[in-house]
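Structural overview for review
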Amino acid sequence: MINYGKQSINQDDINAVVDTLKSDFLTTGPKVKEFEEKLAKKLNFKYVVAVSNGTAALHLASLCLLNKGDKVITTPISFIATSNSILYANAKPIFVDIQKNGLINLDLVEEKLKKENIKAIYLVSLTGLMFDEEKVKYLKEKYNVKILYDNAHYFGRDSGICDIATYSFHPVKHITTFEGGAVATNDKKTYEKLLRLRNHGIVKDNSMYPWEYKMIDLGFNYRLSDVASALGISQLERVDKFLEKRKEIAKYYHQNLPSYIKPLYPYNENSSYHLFVVQYDFKNLDEKAKFFTKMKQKGINLQVHYIPIYKHPYYKKRGIKASCPNAEEYYLNSFSLPIYYDLSFEEVDYVIDSLKGCLG
Ligand SMILES: *Cc1c(COP(=O)(O)O)cnc(C)c1O
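Here the structure is a predicted model, which means the values were calculated and not measured.

Structural notes on the nonpolar core
Formed by 91 residues in total, the largest nonpolar core has its most connected members in Tyr253, Phe291, Phe335 and Leu337. When residues of this core are assigned to domains, at least three fall in each of domain 1 (2–236) and domain 2 (239–359). Beyond its immediate sequence surroundings of up to four residues, Phe335 is in contact with Phe276, Val277, Val278, Tyr280, Phe282, Lys288, Phe291, Phe292, Leu302, Gln303, Leu355 and Leu359. Listed in part, the 24 residues of the second largest apolar core include Tyr47, Leu65, Ala81 and Tyr191.

Some words on the sheet that holds strand S12 (residues 276–279)
Read across the sheet, three strands follow the order S11-S12-S14 without closing on themselves; strand pairing throughout is antiparallel. Looking along the sheet, the strands with just one partner apiece sit at the ends: strand S11 (262–263) and strand S14 (334–337). Two strands pair when backbone bridges link them, and S11 and S12 are joined in this way by two bridges, in the antiparallel orientation. Its bridge partner lying in S12, Lys262 is registered against Gln279.

Considering the pairing of strand S7 (residues 164–168)
Counting buried positions over the five residues of S7 gives five, a clear majority of the element. As paired strands, strand S6 (residues 146–150) and S7 are joined by three bridges and run parallel to one another. From the neighbouring strand, Tyr149 faces S7, where its bridge partner is Ala165. Note: S7 against strand S8 (residues 181–185), five bridges, orientation antiparallel. Note on S8: the bridge partner recorded for Ile164 is Thr185.

Some thoughts on the packing of aromatic side chains
One pass over the structure, following the stated rule, counts 22 aromatic pairs. Considering the side-chain rings of Phe35 and Phe169, the 5.5 Å spacing of their centres and the 65° angle between planes classify their relative orientation as edge-to-face. Note that Phe35 is positioned in helix H2 (residues 30–43) and Phe169 in the loop between S7 and S8, a separation of 134 residues in sequence. Summarising the burial analysis for this pair, Phe35 and Phe169 share the class buried. With 5.0 Å between their ring centres and 10° between their planes, Phe220 and Tyr222 make a pair best called stacked. For Phe220, a relative accessible area of 25% gives the class partly exposed. Three or more aromatic residues joined by ring pairs make a cluster, and in this case those are Tyr260, Tyr280, Phe282, Phe291, Phe292 and Phe335. Here the guanidinium or amino end of Lys245 rests over the ring plane of Tyr341, the centre of that ring lying 5.7 Å away. Here the guanidinium or amino end of Lys288 rests over the ring plane of Tyr331, the centre of that ring lying 5.7 Å away.

Examining the side chain of Ser85
Position of Ser85 relative to the elements: it lies in helix H4 (residues 81–88). Among the polar contacts made by the side chain of Ser85, one reaches the side chain of Ser62 at a distance of 3.0 Å. Not counting the four nearest positions on each side in its chain, Ser85 is found in contact with Leu58, His59, Ser62 and Tyr122.

Overview of a nonpolar patch on the surface
Among the surface-exposed residues, Ile9, Ile14 and Val18 lie close enough to one another that they form a single nonpolar patch of about 210 Å² accessible area. Structurally, Ile9 is set in the loop between strand S1 (2–3) and helix H1 (11–21). By relative accessible area, which is 40% here, Ile9 ends up partly exposed.

Description of the sheet that holds S7
Read from one edge of the open sheet, seven strands run S2-S8-S7-S6-S5-S3-S4, paired in mixed fashion. Sheet topology places strand S2 (47–51) and strand S4 (92–95) at the edges, where each strand pairs with a single neighbour. With direction set aside, neighbouring strand axes in the sheet form an average angle of 20°. As paired elements, S2 and S8 share five bridges and run antiparallel to each other. By the bridge assignment for S8, Ala50 is matched with Ala182. Taken strand by strand, H4 contacts strand S3 (71–74), S4, strand S5 (120–124) and S6, and its axis lies near 145° from that of S4.

Describing the domain arrangement of the chain
If you check the domain split of the chain, you get domain 1 (2–236) and domain 2 (239–359). Each partner contributes to the interface: domain 1 provides 39 residues, whereas domain 2 provides 48 residues. Taking both partners together, domain 1 and domain 2 bury about 3700 Å²; carbon and sulfur atoms supply 61% of that area. Interface area lost by domain 1 to domain 2 is led by Ile2, Tyr4 and Thr127, which between them contribute 23%. The tally of links between domain 1 and domain 2 comes to one salt bridge. At the boundary of domain 1 with domain 2, the tally comes to 23 residue pairs in polar contact (both at pLDDT 80 or more). With three residues, the top contributor of residues to the side of domain 1 that touches domain 2 is H4. For the side of domain 1 that touches domain 2, the residue count by class is 18 nonpolar, 16 polar and five charged.

Criteria and cut-off values
- Counting restarts for each chain: residues are numbered from 1 in the order of the written sequence.
- Per-residue local features are limited, in this predicted model, to residues with pLDDT of at least 70; the limit for side-chain atom pairs, both in listing and counting, is 80 or more; totals at the level of whole chains, interfaces and linings are taken over all residues.
- Side-chain measures were taken over the full set of non-hydrogen atoms in the model, leaving aside hydrogen atoms and water.
- Only buried Ala, Val, Leu, Ile, Met, Phe, Trp, Tyr and Cys residues count toward a nonpolar core, and they belong to the same one when joined by side-chain atoms within 4.5 Å.
- Burial classes follow relative accessibility: with a 1.4 Å probe on protein chains only, a residue under 20% of its type's maximum area counts as buried, one over 50% as exposed, and anything between as partly exposed.
- Segmentation into domains, and thus their bounds, comes from an automatic or database assignment.
- Note on contacts: a residue pair is in contact if any heavy atoms of the two residues lie within 4.5 Å.
- DSSP bridges decide pairing: two strands pair if at least two such bridges lie between them.
- Labels follow the DSSP assignment, with helices taken as runs of H or I lasting at least four residues and strands as runs of E lasting at least two, numbered in each case from the N terminus.
- Any two rings among Phe, Tyr and Trp, with Trp reduced to its six-membered ring, count as a pair given centres within 6.5 Å; such a pair is stacked if its planes are under 30 degrees apart, edge-to-face if over 60, and tilted if neither.
- The criterion for a charge sitting over a ring is simple: Lys NZ or Arg CZ within 6 Å of the ring centre, and within 35 degrees of the ring normal.
- Polar contacts, as counted here, are pairs of nitrogen or oxygen atoms within 3.5 Å of one another; within protein the pair requires one atom able to donate a hydrogen and one able to accept it, and residues that are adjacent in sequence qualify only if both atoms are side-chain atoms.
- Exposure above 30% relative accessible area and no salt bridge define the residues that can form patches, which grow by joining like charges within 9 Å and nonpolar side chains of Val, Leu, Ile, Met, Phe, Trp and Tyr within 5 Å.
- Using a 1.4 Å probe, the Shrake-Rupley method yields the accessible areas, and only the shown protein chains count as cover for residues.
- A pairing counts as a salt bridge when a side-chain nitrogen of Lys or Arg comes within 4 Å of a carboxyl oxygen of Asp or Glu.
- Each axis is a line fitted through C-alpha atoms, and for a helix only the stretch in contact is used; angles between axes span 0 to 180 degrees, taken between their N-to-C directions.
- Accessible-area loss on putting two parts together, using a 1.4 Å probe and summing over both, is the definition of buried area adopted here.
- Ten residues, namely Ala, Val, Leu, Ile, Met, Phe, Trp, Tyr, Cys and Pro, are considered nonpolar, four, namely Asp, Glu, Lys and Arg, are considered charged, and the remaining ones, Gly among them, are considered polar.

What follows is the structure, encoded as structure tokens:
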């Protein structure tokens, strides 16, 4: 089966994991710190906190940025975890429609900012595409809002505009630590709070008794293990190659797809290409579903990224409504083609031939 995404594990990764298994530390040890430092350097943040998954990263970030009842602007086209994290903090997600490239429409965001008192904007670098950062910076300064980047799809140097960025190391993402994630920031206070919240809200204080520690926040156990961090360190060694190959595949799709299957946006050198989303003029979702079944019979597992979040029953039950015609159209037309490091160009050709057979 050719999936839309997949991890790449080599002998170095396996050795790194096995070596750590044989060491004194399975959970928090030297590998966690090393992984965090290497990530910070690579992503250009002062501080990185490794956590158990990308959703935990979003949860902790939201507890740092938000208070109960805050309104937060976000995109309907993301994995549910982005806006769920706003709900975890007892805040209120407000969905603003997307533009043609799948990212949130920042002009519509500004219209909302003019009308309502908004605490933060949660931006998702969908597929690996960075936002118009000049505009993000302008909105942040003019409307005094906090900025979170959900960078589960993006892997690159940060330009210092967001307050917090979150990452996921689920096997389909750019690097994997089995499950895993990270929160990144340049703010020391935020960093210290993240460290506490990751570990039950505990601070070390044994000034009175040798066994003493103090819990000062209601935290969690969102720690990443040393074994997972060792895998992450090993994966980081190859991440540039991973990203390069993704770009090559994206370029190849652009050159070889038939004209009736349209890439979501023109080839972009700066995209991390976590996903390669294309669009086809489907009449309705049933037609799209039949096409998916045909492709599956050919051994190709496509996916839709994503169902507009407000359409989920839980969001309806909470009475969270949205009017996002572009997101609806995107949902009908879009699907993701296979793109990952271990995908061969013979397989890409096979995917393209199968698409022509099923849609042509
Ligand atoms: C994968 C993903 C997450 C969640 O990450 P997990 O590690 O699976 O918890 C959050 N947001 C986006 C956009 C994602 O793609």
